[in-house]
Amino acid sequence: MRTRTLALTAAFGAALLATAALPADAETAARTAAGVQEGSVGAAALLARVSSCSQISDGKYRTDREAPATVPVCGKNGAVFWKADLDVDCDGQVTAACNKDTDPWFQDDTAFHTSGGKPLNAEKLPYVVVPSAGGIWDYASAGIKGGGVVAVIHKNKVVYAVVGDTGPDKIIGEASYATAKALGIDPDPRTGGTDSDVTYILFKDSKASPIEDHAAAVTAGEDLAGKFLRNN
């Protein structure tokens, strides 16, 4: 579990002001220099807290249309979680990696938008897709909202994402191109993704602001993950 000091907080504040003009790699380096590194709260510690499920959904989800319904939404103090596959979502802004040519299911919008009112950028922003409200579960009733912070875990790696889009009301297990890439999963929307071993921990009543700022999700995520470990 990571602890903060006043000096650390001040250093991160200075680094965050500088990241607005930095490319992604430089932004990551600035956060690391300030002591706020994605995954400082380890995957093993988080996974230990979600090793058992107290089901809160009224039934279970499918990971694909043809798959059996085997995935429950589980509740913990301060969070909900599920364990599923990862299908790659490329929806949102048209980019080199995400468009109608690269993704036959591409849609040029997302359920939640940037602070400027634009669809999210799946190629650049780690985001997670939640099932639309339906008979199985309603994410909003559990304190989950657009821009909410999510810890996504795969093979001992933690990536912080935001709730960025909604999907079918009976299917679960989808995240953006950028999420897959950050986890070391093939991000190709046609052939990529992974069939299993992805854990999604969604922190209740959280929000990264602005939603499009991954650095904000990382900062909030590290704090929320630490609190999650302490309270469960």
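Our structure's up above, just so we're on the same page.
The structure displayed is predicted, hence computed values, not measured ones.

Scoring rules and cut-offs
- Residues numbered from 1 in each chain as written.
- Predicted model: local features only at pLDDT ≥ 70, side-chain atom pairs only at ≥ 80, totals over all residues.
- Heavy atoms only, no water.
- Core = buried A, V, L, I, M, F, W, Y, C linked by side-chain atoms within 4.5 Å.
- Buried < 20%, exposed > 50% of the residue type's maximum accessible area, 1.4 Å probe, protein only.
- Helix = DSSP H or I, 4+ residues; strand = E, 2+ residues; numbered from the N terminus.
- Contact = heavy atoms within 4.5 Å.
- Disulfide = S-S within 2.5 Å.
- Salt bridge = Lys/Arg side-chain N within 4 Å of Asp/Glu carboxyl O.

S.K.: When you look at the nonpolar core in this model, what are you seeing that I'm missing?
M.R.: Here is a general trend for soluble globular proteins: nonpolar side chains tend to be buried in one another's company. In this structure, L46, W82, W137, Y200 and I201 are the most contacted members of the largest nonpolar core, which totals 63 residues. Counting only elements with at least two residues in this core, the list comes to helix 3 (43-49), strand 2 (79-89), strand 3 (127-131), strand 4 (149-154), strand 5 (157-167), helix 4 (177-182), strand 7 (194-203) and helix 5 (214-231). Here L46 is in contact with V41, A151, I153, V158, I201, A225, F228 and L229, once residues within four sequence places are set aside.

S.K.: Would you mind going over the state of the cysteines with me for this structure?
M.R.: In a disulfide, the sulfur atoms of two cysteines are held together by a covalent bond. As enumerated under the stated definition, the model contains two disulfides in all. Paired by a disulfide, C53 and C74 hold their sulfur atoms 2.0 Å apart. Residues C53 and C74 are joined by a disulfide whose S-S torsion is about -100°; by sign, that bridge is left-handed. Placement of C53 in the loop between helix 3 and strand 1 (74-76) and of C74 in strand 1 is noted, with a sequence separation of 21 residues between them. Since its relative accessible area comes to 39%, C53 is described here as partly exposed. In this model, C90 is linked to C98 through a disulfide, with the two sulfur atoms separated by 2.0 Å. On the S-S bond that ties C90 to C98, the torsion sits near -60°, and the link is left-handed. Comparing C90 with C98 shows no difference in burial state: the two are buried.

S.K.: Just to check I follow, could you spell out the environment of A161 for this structure?
M.R.: Examined against the element boundaries, A161 turns out to sit in strand 5. Separated by 13 residues in the primary sequence, A161 and G148 place their C-alpha atoms 8.3 Å from one another. The residues contacting A161, other than those within four sequence positions of it, are P126, Y127, V128, G148, V149, V150, V152, T179 and A217.

S.K.: Help me understand the pattern of salt bridges in this model?
M.R.: Should the charged atoms of two oppositely charged side chains come close, the side chains can pair. Summed over the entire model, instances satisfying the criterion amount to one salt bridge. Two residues, D169 and K170, come together in a salt bridge whose shortest N-O distance is 3.6 Å. Owing to a relative accessible area of 31%, D169 belongs among the partly exposed residues under this scheme.

The analysis is restricted to geometry; functional conclusions fall outside its scope.
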